[in-house]
Amino acid sequence: MIEQKNIDEALRRLIDVYNPLTVYLFDQSPDVAFVIVVEGSWQKPQKRGIAGKYALWGLEIPKDILVFTKDEFEKHVDDATNLVHAIKNEGKVLYAEAS
């Protein structure tokens, strides 16, 4: 289990790096992932988590980071067979941009 102070610090660092719309903590035993939704990105999906992994350097937490654009996330959120659907429905919202 990740200590709350480490989650809080990780969240602060991820917000600084990504300026996200939403950040989820998704626990699918045995793995825990930070899932970040951003407005848009010029990077390929598999490269987007690298900056977050560097930002979390030194914290004793899992460093699985998934980064979706808003369009990618919304495209799959209603598909019950897609991971995004599970993240939206089972993940814990750690941060949501004020609208």
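Right, let's walk through the structure included here.

Procedures and definitions
- Residues numbered from 1 in each chain as written.
- Predicted model: local features only at pLDDT ≥ 70, side-chain atom pairs only at ≥ 80, totals over all residues.
- Heavy atoms only, no water.
- Helix = DSSP H or I, 4+ residues; strand = E, 2+ residues; numbered from the N terminus.
- Rg over C-alpha atoms; globule rule 2.2 N^0.38 Å.
- Contact = heavy atoms within 4.5 Å.
- Areas by Shrake-Rupley, 256 points an atom, 1.4 Å probe, with all protein chains shown as cover.
- Pairing = 2+ DSSP bridges.
- Axes fitted to C-alpha atoms, helices over the stretch in contact; angles between N-to-C directions.
- Phe/Tyr/Trp six-rings, centres within 6.5 Å; stacked < 30°, edge-to-face > 60°.
- Buried < 20%, exposed > 50% of the residue type's maximum accessible area, 1.4 Å probe, protein only.
- Right-handed = clockwise from strand over helix to strand, strands pointing away.

### Things to note about the overall build of the protein
Part 1: Helix and strand content of the protein: four helices and four strands.
Part 2: Tracing the protein from N to C terminus, the helices and strands come up as α-β-β-α-β-α-α-β.
Part 3: Over its C-alpha atoms the protein spans a radius of gyration of 13 Å, differing by no more than 12% from the 13 Å that the globule rule assigns to 99 residues.
Part 4: Relative to all contacts within the protein whose residues are 6 or more apart in sequence, the contacts with residues 24 or more apart total 62%.
Part 5: If you sum the accessible surface of the protein, you get close to 6,400 Å²; carbon and sulfur atoms cover 50% of it.

### Looking at the sheet that holds strand S2 (residues 31-38)
Part 1: Spatial ordering of the open sheet is given by S3-S2-S1-S4, a layout of four strands whose pairing is mixed. A single partner strand is all that each edge strand has here, and the edge strands are strand S3 (64-69) and strand S4 (92-96). In this sheet, neighbouring strand axes are inclined to one another by 20° on average, regardless of whether the strands run parallel or antiparallel.
Part 2: Here six bridges tie S2 to S3, and the two strands are oriented parallel to one another. Looking at S3, one finds that valine 37 is bridged to phenylalanine 68.
Part 3: Relative to strand S1 (residues 22-28), helix H4 (residues 83-90) is tilted by about 100°, and along the sheet it contacts S1, S2, S3 and S4.

### Re the packing of aromatic side chains
Part 1: Following the criterion strictly, the structure yields two aromatic pairs and no others.
Part 2: Taking the centre distance of 5.6 Å and the plane angle of 20° together, the rings of tyrosine 24 and phenylalanine 73 count as stacked. Linking tyrosine 24 in strand S1 with phenylalanine 73 in helix H3 (residues 70-76), this pair joins segments that are 49 residues apart in sequence.
Part 3: On the accessibility criterion, tyrosine 24 (3% relative accessible area) is buried.
Part 4: Given a relative accessible area of 6%, phenylalanine 73 falls into the buried group.
Part 5: Arranged with centres 6.0 Å apart and planes meeting at 65°, the rings of phenylalanine 68 and phenylalanine 73 form a pair that is edge-to-face. As far as burial versus exposure is concerned, phenylalanine 68 and phenylalanine 73 are alike and both buried.

### Re the pairing of S2
Part 1: Where burial is concerned, most of S2 is hidden: seven out of the eight residues are buried.
Part 2: Of the strand pairs in this sheet, S1 and S2 are connected by seven bridges, and their pairing is antiparallel. Bridged to glutamine 28 within S2 is aspartate 31.
Part 3: Of the crossover connections in this fold, the one passing from S2 over helix H2 (residues 50-55) to the parallel S3 is right-handed.

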